[in-house]
Amino acid sequence: GAVVSQHPSRVICKSGTSVKIECRSLDFQATTMFWYRQFPKQSLMLMATSNEGSKATYEQGVEKDKFLINHASLTLSTLTVTSAHPEDSSFYICSPKGQGANYGYTFGSGTRLTVV
Amino acid sequence: LAKTTQPISMDSYEGQEVNITCSHNNIATNDYITWYQQFPSQGPRFIIQGYKTKVTNEVASLFIPADRKSSTLSLPRVSLSDTAVYYCLVGDNQAGTALIFGKGTTLSVSS
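Enquirer: Mind showing me how you'd approach the overall build of chain B here?
Expert: Scanning chain B from terminus to terminus reveals 0 helices and 9 strands. Traced from its N-terminal end to its C-terminal end, chain B shows the element sequence β-β-β-β-β-β-β-β-β. Dimensions along the principal axes, computed over C-alpha positions, put chain B at roughly 40 × 30 × 20 Å. By the burial criterion, 45% of the 111 residues in chain B qualify as buried. Within chain B, counting contacts between residues at least 6 apart in sequence, those at least 24 apart form 56% of the total. Carbon and sulfur atoms provide 50% of the accessible area of chain B, an area that totals close to 5,700 Å². One way to put it: in chain B the 8 positive side-chain charges average out to a point 7 Å from where the 8 negative ones average out.

Enquirer: Help me understand the overall build of chain A in this model?
Expert: Within chain A, the regular secondary structure consists of 0 helices and 10 strands. When the helices and strands of chain A are read in sequence order from the N terminus, they spell out β-β-β-β-β-β-β-β-β-β. For 116 residues, the compact-globule estimate of 2.2 N^0.38 gives 13 Å, and chain A sits close to it at 13 Å. With the principal axes as the frame, chain A shows a C-alpha extent of 40 × 25 × 20 Å. In chain A, which comprises 116 residues, the share counted as buried stands at 51%. Of the contacts made within chain A by residues no fewer than 6 positions apart, 55% connect residues no fewer than 24 positions apart. Working note: accessible area of chain A is about 5,700 Å², and carbon and sulfur atoms make up 49% of it. Side chains of chain A carry 11 positive and 8 negative charges; the gap between the two charge centres is 5 Å.

Enquirer: For this particular structure, what's the right way to read the sheet that holds strand β5 (residues 53-56) of chain B?
Expert: Consider a sheet: its strands pair through backbone hydrogen bonds, and that pairing is either parallel or antiparallel. Residues and elements named next belong to chain B. Overall, antiparallel pairing links the 4 strands, which are arranged β2-β7-β6-β5 in an open sheet. Strands with a single pairing partner mark the edges of an open sheet, and in this sheet they are β2 (18-23) and β5. Sheet twist, expressed as the mean angle between neighbouring strand axes with direction ignored, is 15°.

Enquirer: Help me understand the pairing of strand β10 (residues 111-115) of chain A, please; the structure alone is not making it clear to me.
Expert: Side-chain positions along a regular strand alternate between the two faces of the sheet. Residues and elements named next belong to chain A. Only one face of β10 is covered, namely the face carrying Thr 111, Leu 113 and Val 115; the face carrying Arg 112 and Thr 114 is uncovered. Taken together, the 4 bridges between strand β2 (residues 10-13) and β10 define a ladder with parallel strand orientation. For Cys 13, the partnering residue across the bridge sits in β10 and is Val 115.

Enquirer: Is there a simple way to explain the nonpolar core in this structure?
Expert: Within soluble globular proteins, side chains that are nonpolar tend to cluster in buried spots. Counting 23 residues, the largest nonpolar core has Trp 35, Phe 67, Leu 79, Tyr 92 and Leu 113 of chain A as the members making the most contacts within it. Where this core is concerned, the elements lending two or more residues are β2, β3 (19-25), β4 (32-38), β5 (45-51), β7 (67-70), β8 (76-81), β9 (90-97) and β10 of chain A. Considering every element that reaches this core, the biggest residue donor is β3 of chain A, with 3 residues. By size, the runner-up hydrophobic cluster in this structure holds 20 residues, among which are Ile 47, Ile 64, Ala 84 and Val 90 of chain B.

About the criteria used
- Residues numbered from 1 in each chain as written.
- Chains lettered and ligands numbered in written order.
- Predicted model: local features only at pLDDT ≥ 70, side-chain atom pairs only at ≥ 80, totals over all residues.
- Heavy atoms only, no water.
- Helix = DSSP H or I, 4+ residues; strand = E, 2+ residues; numbered from the N terminus.
- Buried < 20%, exposed > 50% of the residue type's maximum accessible area, 1.4 Å probe, protein only.
- Contact = heavy atoms within 4.5 Å.
- Areas by Shrake-Rupley, 256 points an atom, 1.4 Å probe, with all protein chains shown as cover.
- Lys, Arg positive; Asp, Glu negative; His and termini not counted.
- Charge placed at Lys NZ, Arg CZ, Asp CG, Glu CD.
- Rg over C-alpha atoms; globule rule 2.2 N^0.38 Å.
- Pairing = 2+ DSSP bridges.
- Axes fitted to C-alpha atoms, helices over the stretch in contact; angles between N-to-C directions.
- Core = buried A, V, L, I, M, F, W, Y, C linked by side-chain atoms within 4.5 Å.

Function-wise, these values are silent; they only describe arrangement.
Dropping the structure here:
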């Protein structure tokens, strides 16, 4: 159980363009979605938390207008990096969570974003 | 702030047992302790989870003392493929708040 699909695994985009990352929970309903980013040789840093059907809550220092999160269904959440710049190059990881103690924390396989 | 503290790095040789200890002095009553493994350019992978005493699965053992302020991940007979970053995390599955990652332990296994 707890199968997570994150796409794309890697993407290269030009500066100023937008990139969408998808995260799907394939065999459970993700009432909550956490998005993390990880810079080289650093740990995962929480960017935002979203609950299905609600607006996302962003961590301090994360621009909500730049990192658009949509969590319209219980099996799909997207992170859109708008007007990407080279400093947005990072490894982005989603973490869907089902409701209740029976659901542990799961993680997607990550998306390597390179902005050139 | 991360709720856990681990050694930054550890070195081992193939075939040895590796024990990584994690401190979580402020663990809450409902928190479980979970260890994840991460390879470069991959998401964290679940290894083992426990609440108290000892838990064992096919890949590792987790030892948790009675006060739950620390835990030790034990990897028996490591191989080169166990070279990775290991994260100790505490979290409440019921509450569903985000896991806050510390720096993790980089384990390097040599032949």
